[in-house]
Amino acid sequence: MGSKPSVARKDQDITSPAASSDPVEFYWDPVSPPSRCVHMTLKGLGEKFVAKKLDLFKGESKTPEFLKINPAGKVPAIKCGDFTMSESRAIACYLCNKYNTPTSNKLYPKDPEGRATVDRILLLSDEINNDIMKQVNLLGVMFQGQRPDEGQISEAAKGLKMCAEMLGDNRFVAGNNVTIADYFVATPFILYDLLTEEGVQRRFYKHDGGDTVTAWMERVRALPYYDEIHKDANEKLGGLYRSRLEQF
Amino acid sequence: MGSGSSSGRQEVELYWDYRSPPARCVHMTLAALGEKFTPKPVDLFKGEHKKPEYLAINPAGKVPAIKVGNFCLNESKAIACYLCNRSNTAAAKKLYPKGAQQRAEVDRLLLLSGDVMDLIQKQIAMFTVIFGGGQPKPENMDEAAKSLKMVADYLENNNWVTGSTMTIADIFCSNPFFLYDSLTTDEQQKEFYSHEGGSTVKAWMKRIRGLPYFDDVNEKGLEAIASVYKTKLN
């Protein structure tokens, strides 16, 4: 992470909705979890965008053309005119700020307290992901010949507790409306459910917060664009993960 | 502006320990905003962050946290952004620009600051030394020094990480380097800053250290944490 992108050009007038005439170009690979978070944001916003799918395993994120867009050679990335961005959470916030519509203002509230709640959860979503990955070990399995670690199930379940605490009695993590925070917090649980056996899942969701999180995930899965984004991506990622496990 | 809890008139209560690096980032932000606040010290070494009164403010039991009216917030970066968002002053608009692209640059750098801190900690290992009986890892200096190029690439020939104006990104990205300097020897620092990006980062740190509120916010805290750290090493 951390390579400087192209210089930001002078800002568009953000007081008029959809001020920029350039459609956002979205660079992604369905197997990349943070790509899915940005994809959900784009669909949630309902604005036009151009999807540029890259195959990470074919090295398509390391081509000279893509490195011009993101010198770090990672997805997700976006390009809007001359402006390029990486870092999924910063991208999601940028997209909402850019469009400044009633929809974007629900996904990323403009009132300081509402926004702070989402910002805080976006930061904590990393912790939840790390907890879950102690068991699922996505990167280790995919790239380092490692295995998942069921012994870490109670560590993973800390993520469950944290998520349930965020939810409280609300329908979604930051309140009663869907926000970009839901996209980022849901992703580790989508992966957990995809990459673990049913019996393991049952044990997992019996931990503190399991029922609350399960009920919320049903709401997330009911979002109109959910299947479009996750169905094929899950098949591809699930297949790759399991084939890695069989290989080693 | 607005009603109730969005009013900029309610005073911020800052719950913090002056030694905590993220707490000092929030303090720097308040100072940069010129915003008055009520300090509510929470002594980490006395376990005050685990007491019920504090857990009612921040159930995560960490510092910093703020309370404005009935609204409580933790996570230093979220706090810094919130403080700027709720203020309509010229200072706030510079520290956290409202334009989508400029704001995105700051947001990305705020995330980067976490990576900078992680790299620095690979050498200084502050938590394990102070709380876990561990040792620093001077053999990781090359790894830690990757943080210098990372930040210098953003600075280029500019005064600040986003260009010509100081933002909260400068506060958060510089914090790990000031911590590094307080926990290492002069010799180690000489070697560290001789890595790529080192002189650019040093010049930028000098600018930040020259801010009128820098010493007020950081001097005692950095000295205190250094003193605890060095005691643990011996």
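Structure's up top.
Sequence order as written defines residue numbering, which begins from 1 separately in each chain. Note on labels: chains are lettered from A, ligands numbered from 1, in written order. Confidence filtering applies because this is a predicted model: local features only for residues at pLDDT of at least 70, side-chain atom pairs given and counted only at 80 or more, and all residues used for totals across whole chains, interfaces and linings. Just so you know, side-chain values use all the structure's heavy atoms and leave hydrogens and water out.

**Overview of the overall build of chain B**
Numbering of helices and strands starts at the N terminus; helices are DSSP runs of H or I of at least 4 residues and strands are runs of E of at least 2. When you go through chain B residue by residue, the secondary structure sums to twelve helices and four strands. For a compact globule of 234 residues, the expected C-alpha radius of gyration is about 17 Å, and chain B comes in at 18 Å, within 12% of that figure. Taken along its principal axes, the extent of the C-alpha atoms in chain B is 55 × 45 × 25 Å. Using a 1.4 Å probe on the protein chains alone, a residue whose accessible area is under 20% of its type maximum counts as buried, one over 50% counts as exposed, and one in between counts as partly exposed. Within chain B, buried positions represent 55% of all 234 residues. Should any heavy atoms of two residues lie within 4.5 Å, those residues are considered in contact. Counting only contacts in chain B whose residues sit at least 6 apart along the sequence, the fraction spanning at least 24 positions is 71%. What sets the accessible areas is the Shrake-Rupley method with a 1.4 Å probe; for residues, cover comes only from the shown protein chains. Counting every atom, chain B has about 10500 Å² of accessible surface; 50% of that belongs to carbon and sulfur. Charge assignment in this entry is limited to Lys and Arg as positive and Asp and Glu as negative, and neither His nor the chain termini are counted. Think of each charge as sitting on NZ of Lys, CZ of Arg, CG of Asp or CD of Glu. Side-chain charges of chain B comprise 29 positive and 27 negative groups, with the mean position of each set lying 5 Å from the other. Only C-alpha atoms enter the radius of gyration; for comparison, a globular chain is expected to reach 2.2 Å times N to the power 0.38, where N is the number of residues.

**So, a negative patch on the surface**
Residues and elements named next belong to chain B. Residues forming no salt bridge and having over 30% relative accessible area are the ones grouped into patches, like charges within 9 Å of each other and nonpolar side chains (Val, Leu, Ile, Met, Phe, Trp, Tyr) within 5 Å. A pair is scored as a salt bridge if a Lys or Arg side-chain nitrogen falls within 4 Å of a carboxyl oxygen belonging to Asp or Glu. A grouping of Asp-142, Asp-186, Glu-187 and Glu-191 is seen on the molecular surface, where their side chains present a negatively charged patch. Considering each element in turn, the negative patch owes the most residues, three residues, to helix 10 (residues 186-193). Mapped onto the secondary structure, Asp-142 falls in helix 7 (residues 141-144). Using a relative accessible area of 54% as the deciding quantity, one classes Asp-142 as exposed.

**Section: empty space enclosed by the protein**
Remark: the empty space left among the atoms is shown by a probe the size of a water molecule rolled over them. Buriedness of a pocket was judged along seven lines, with at least five required to meet protein on both sides within 12 Å; pockets are open sets of points on a 1 Å grid over the protein atoms alone, cavities are sets where a 1.4 Å probe fits but cannot get out, and lining residues have an atom within 4 Å of a point. Grid points are joined across faces, edges and corners, and a volume is the space filled by probe spheres set on the points. Enumeration according to the criterion identifies four cavities of 30 Å³ or more in this entry. Approximately 170 Å³ is the volume found for the largest cavity. Taken together, 14 residues form the lining of the largest cavity, with A:Cys93, A:Asp119, A:Leu123, B:Asp107 and B:Leu111 sitting closest to its centre. Only helix 3 (88-99) and helix 5 (112-136) of chain A together with helix 3 (76-85) and helix 5 (100-124) of chain B provide two or more residues apiece to the lining of the largest cavity. Charged residues are taken to be Asp, Glu, Lys and Arg, nonpolar residues to be Ala, Val, Leu, Ile, Met, Phe, Trp, Tyr, Cys and Pro, and polar residues to be all remaining types, Gly included. The residue inventory of the lining of the largest cavity, partitioned by class, reads ten nonpolar, no polar and four charged.

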